[in-house]
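Structure assessment
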Amino acid sequence: AVFSGADAVMLSAETAAGSYPVHAVAMMDRIARRIEGYQWSEGTFRTDSPEPEGAIPLHTALARATAQLSRDLRVRAIVVFSASGATAEVVAGARPAAPVLAATTDQRTFRQMNLLWGVVPVLVDDPELDDPRGLARRLTRTLDLASPGEFVLAVAGVAGAATDQAPSITALRA
């Protein structure tokens, strides 16, 4: 499951209800961390299925670009604005080098995004989305993820890139 890029793994049956559930969870955690560490060092995260000949889907390319920017710029956080959670899912799937703060105004989306790899969902009010750059700066500073002057990325509309919504990836200083 980890090699396949799963967002979460779980124990089942006797493993979860046996005599040593805490030890079982600790062992599963160690295994998952080692595999992800290996994938990270080798650059072999397998989060996408092999692409056919030709161009990859735009949302995949934008997610990969976000992950690469997170490494190249050594960003402290990625703030994703996501109404449905799809943009957060696509960006997290590319396994960026920084935590993903996923801002949404929808309570259900907020709860669902808790299951995504590397995503910290944040529930915001509609008026806060009027200034996405300011919101990105405020969130990263409030959560002590970035100090003034450090790079963060603000991402919007990546999963909606197949529609007429204009996707954006913005590098800014916290």
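This structure is a prediction, so every number in the text was calculated from the model and none was measured.

Some remarks on the packing of aromatic side chains
Using the criterion set out here, one finds 0 aromatic pairs in the structure. Above the ring of phenylalanine 151, the side-chain terminus of arginine 173 is found at 4.0 Å from the ring centroid.

Quick word on the sheet that holds strand β2 (residues 100-104)
Reading across the sheet, the 5 strands line up as β3-β2-β1-β4-β5 and stay open at both edges, with mixed pairing between neighbours. If you trace the sheet from one side to the other, it starts and ends with β3 (119-123) and β5 (168-173), each paired once. Ignoring which end each strand starts from, the neighbouring axes of this sheet average 25° apart. Alignment of strand β1 (residues 77-81) against β2, held across 4 bridges, turns out to be parallel. Bridge assignment links valine 80 to a residue of β2, and that residue is alanine 102.

A closer look at the layout of surface pockets
One number sums up the size of the largest pocket: a volume of about 300 Å³. Every residue along the wall of the largest pocket is listed here: Val2, Ala6, Asp7, Ala8, Val9, Val25, Met28, Asp29, Ala32, Arg33, Glu36 and Trp117. Along the lines of polarity and charge, the residues of the lining of the largest pocket split into 8 nonpolar, no polar and 4 charged.

Re helix α6 (residues 132-142)
Of the residues making up α6, those classed as buried are Leu135, Ala136, Leu139 and Thr140. The buried side chains of α6 occupy one side of the element, clustering within an arc of 120° when seen end-on. Those residues of α6 that are buried lie in contact with β1, β2, β3 and β4 (151-156). At the exit of α6 stands aspartate 144, carrying a positive phi of roughly 55°.

Here's the deal with unusual backbone geometry
Although it is not a glycine, arginine 95 sits at a positive phi angle of roughly 55°. Relative to the helices and strands, arginine 95 is located in the loop between α4 (86-93) and β2. Positive phi, close to 55°, is recorded for aspartate 144, a residue that is not glycine. By the secondary structure assignment, aspartate 144 is in the loop between α6 and β4.

Considerations on the pairing of β1
Two faces make up the sheet, and in a regular strand the side chains alternate between them. Extensive coverage of β1 is indicated by the burial of 5 of its 5 residues. By the bridge criterion, 5 bridges tie β1 to β4 in an arrangement that is parallel. The partner of valine 80 across the bridge, within β4, is valine 155. The β-α-β motif built from β1, the intervening α4 and the parallel element β2 has right-handed crossover chirality.

Considering the pattern of salt bridges
This model, assessed by the stated rule, comprises 3 salt bridges. Among the salt bridges present, the one from aspartate 29 reaches arginine 33, with a minimum N-O distance of 2.9 Å. Taken together, the residues span about one helical turn, with aspartate 29 and arginine 33 both in helix α2 (residues 21-42) at a distance of 4 residues. Among the residues examined, arginine 33 registers a relative accessible area of 58% and is labelled exposed. In this structure, arginine 138 and glutamate 128 form a salt bridge, with 2.3 Å as the shortest nitrogen-oxygen distance.

Quick word on helix α3 (residues 58-72)
Turn by turn, an α-helix covers 3.6 residues, leaving residues three or four places apart pointing in a common direction. Relative to the 21 Å expected for 15 residues at 1.5 Å per residue, α3 spans 21 Å between its end C-alpha atoms, a close match to the ideal helical length. Against β1, α4, β4 and β5 lie the buried residues of α3. Where α3 terminates, the next one or two residues include arginine 74, which has phi positive at roughly 50°.

Observations concerning the pairing of β4
In this structure, β4 lies alongside β5, joined through 6 bridges in antiparallel fashion. Within the sheet, the bridge partner assigned to alanine 156 lies in β5 and is serine 168.

The rules behind these values
- Residues numbered from 1 in each chain as written.
- Predicted model: local features only at pLDDT ≥ 70, side-chain atom pairs only at ≥ 80, totals over all residues.
- Heavy atoms only, no water.
- Phe/Tyr/Trp six-rings, centres within 6.5 Å; stacked < 30°, edge-to-face > 60°.
- Lys NZ or Arg CZ within 6 Å of the ring centre and 35° of its normal.
- Pairing = 2+ DSSP bridges.
- Helix = DSSP H or I, 4+ residues; strand = E, 2+ residues; numbered from the N terminus.
- Axes fitted to C-alpha atoms, helices over the stretch in contact; angles between N-to-C directions.
- 1 Å grid on protein atoms, 1.4 Å probe; cavity = no way out; pocket = protein on both sides within 12 Å on 5 of 7 lines; lining within 4 Å.
- Points joined across faces, edges and corners; volume = space filled by probe spheres on them.
- Nonpolar A, V, L, I, M, F, W, Y, C, P; charged D, E, K, R; others polar.
- Buried < 20%, exposed > 50% of the residue type's maximum accessible area, 1.4 Å probe, protein only.
- Arc of directions from axis to C-beta.
- Contact = heavy atoms within 4.5 Å.
- Right-handed = clockwise from strand over helix to strand, strands pointing away.
- Salt bridge = Lys/Arg side-chain N within 4 Å of Asp/Glu carboxyl O.
- Expected span 1.5 Å × (residues − 1).

As far as function goes, none of this settles anything; it's purely spatial.
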